[in-house]
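Each chain is listed here by its residues.
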Amino acid sequence: MSRVMIIGTGNVGTVTALKCAKQRNVFSGIVLANRTLQKALALRDRIGDPKIAAVSVNADDSRDVARLIENFAIDLVINTALPAQDVPIMAACAQTGASYIDTANSERRDKIEFNYLAQLAFDKQFRDKGATAILGCGSDPGFASVFVAYAKKHLFDRIDKVDIMDADNSRNGKLMAFNLNAAVKIRELLHPARYYEAGSWKTAESFSIQRVFSYPEIGEQPVYLIDHEELEPLAAHFSEIRTLRFWMSFSSAFIENLRLLQAIGLTSIEPVRFDGMEIRPLEFLEAMFRQSGLIVPETVGQTWIGCQISGTKNGCQRECLIYNVCDHEKCQREVGLNAVPFTAGVPPMIGAKLMLSRVWHRPGVFTVDQFDPDPFLEEMARAGLPWEVKITDSEIC
């Protein structure tokens, strides 16, 4: 018997739960936990399994999370809640001895930065409990980092450069829309672009570095250099890499609208007084996007997530692409949501499956690139996320 608790029944958590429910031989007990009980109950009803428990949780309170872990004898917590809730959820797991997996590294509500080190600080507690914690098991961070581990294991003797690429050619008829939490995405995009080049960390103004990339299967897209959380662990774990960058595609209209929201103060995380109440403008903006139906709209097109990697093999120069292309309409038919939550919600199910089967098991706190990539990528293809490898130039010795 393996009992899992999925915290967060939003769009990513919905995909994760639907996928877990199809493998009850692995996930024999499932608890759906959400801030609002109604959403957890609605997801249980959609799955159609009365044996699944649905509960309310305050994911900001480690004591409340620990209470549920103990009450339901949870073996593994799958965290698909907000990144700002990673630390209290991890604290509850470290206290109770439950294993842990999430899809995005921690962020603070009062400061725009990734807080990766705050999660690594739990390493000794997890090791003492004999429990495993895996950070960033979504798409990116997630299988993009697994692609790097696969490349090192099978394709390169030495990796010199990694460009992680995230593109979406979707068409939804919206002036500006988001496929995941708008506040989380806006915080990420307006942060200075941080990248690793020539063996040192550098920064640039957001959206100041652009190029056009020709993606196999979806065509040319303008891409912009941004900061992203998987860069730091990849630099730490693959010390030979001299350049690490993360690129994401956006339309010029999207960037113009985002700059306008920033100019009028709606992207600020600093509290302001309004009508006798204290609000954070960015949280208000997220609520408005959600109420306007601009979060995860129905759409057509594809996402492209992968890595452009260069280095050497047998003394010769090599460059390759490793990537997944995911079709929005296909995902909407399967889970009722487009490819963005699908690509983020399937990987934590796979990681959890490997953890519970002890294929990926090691006491302590880790990121996905520190485990054998092969079983993950085998499961990924079976779960609806096929991937491709293309050598994009000839080997030159």
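For clarity, every value in this text was computed on a predicted model and none was experimentally measured.

Basis of the calculations
Residues numbered from 1 in each chain as written. Predicted model: local features only at pLDDT ≥ 70, side-chain atom pairs only at ≥ 80, totals over all residues. Heavy atoms only, no water. Salt bridge = Lys/Arg side-chain N within 4 Å of Asp/Glu carboxyl O. Helix = DSSP H or I, 4+ residues; strand = E, 2+ residues; numbered from the N terminus. Buried < 20%, exposed > 50% of the residue type's maximum accessible area, 1.4 Å probe, protein only. Pairing = 2+ DSSP bridges. Axes fitted to C-alpha atoms, helices over the stretch in contact; angles between N-to-C directions. Contact = heavy atoms within 4.5 Å.

**Brief notes about the pattern of salt bridges**
Then, number 1: Tallied over the full model, the rule gives 18 salt bridges.
Then, number 2: Here K19 and E334 are joined by a salt bridge, their closest N and O atoms 2.7 Å apart. Of this pair, K19 sits in helix α1 (residues 11–21) while E334 sits in helix α12 (residues 328–335); the two residues are 315 residues apart in sequence, bridging distant segments of the chain.
Then, number 3: Among the salt bridges present, the one from D374 reaches K153, with a minimum N-O distance of 2.9 Å. One end of the pair, D374, is in helix α14 (residues 373–382); the other, K153, is in helix α7 (residues 143–155), and 221 residues separate them in sequence.
Then, number 4: A relative accessible area of 18% places D374 in the buried class.

**Digging into the sheet that holds strand β5 (residues 99–102)**
Then, number 1: Strand order in the open sheet formed by seven strands is β3-β2-β1-β4-β5-β8-β19, with parallel pairing between adjacent strands. Only two strands of the sheet have a single partner each, and these edge strands are β3 (53–56) and β19 (364–367). Strand-to-strand twist of the sheet, defined as the mean angle between neighbouring strand axes without regard to direction, takes the value 20°.
Then, number 2: As paired strands, strand β1 (residues 3–7) and strand β4 (residues 76–79) are joined by four bridges and run parallel to one another. Bridge pairing links M5 to V77 in β4.
Then, number 3: Those strands touched by helix α4 (residues 86–96) are β1, β4, β5, β8 (132–135) and β19, and its axis lies near 160° from that of β5.

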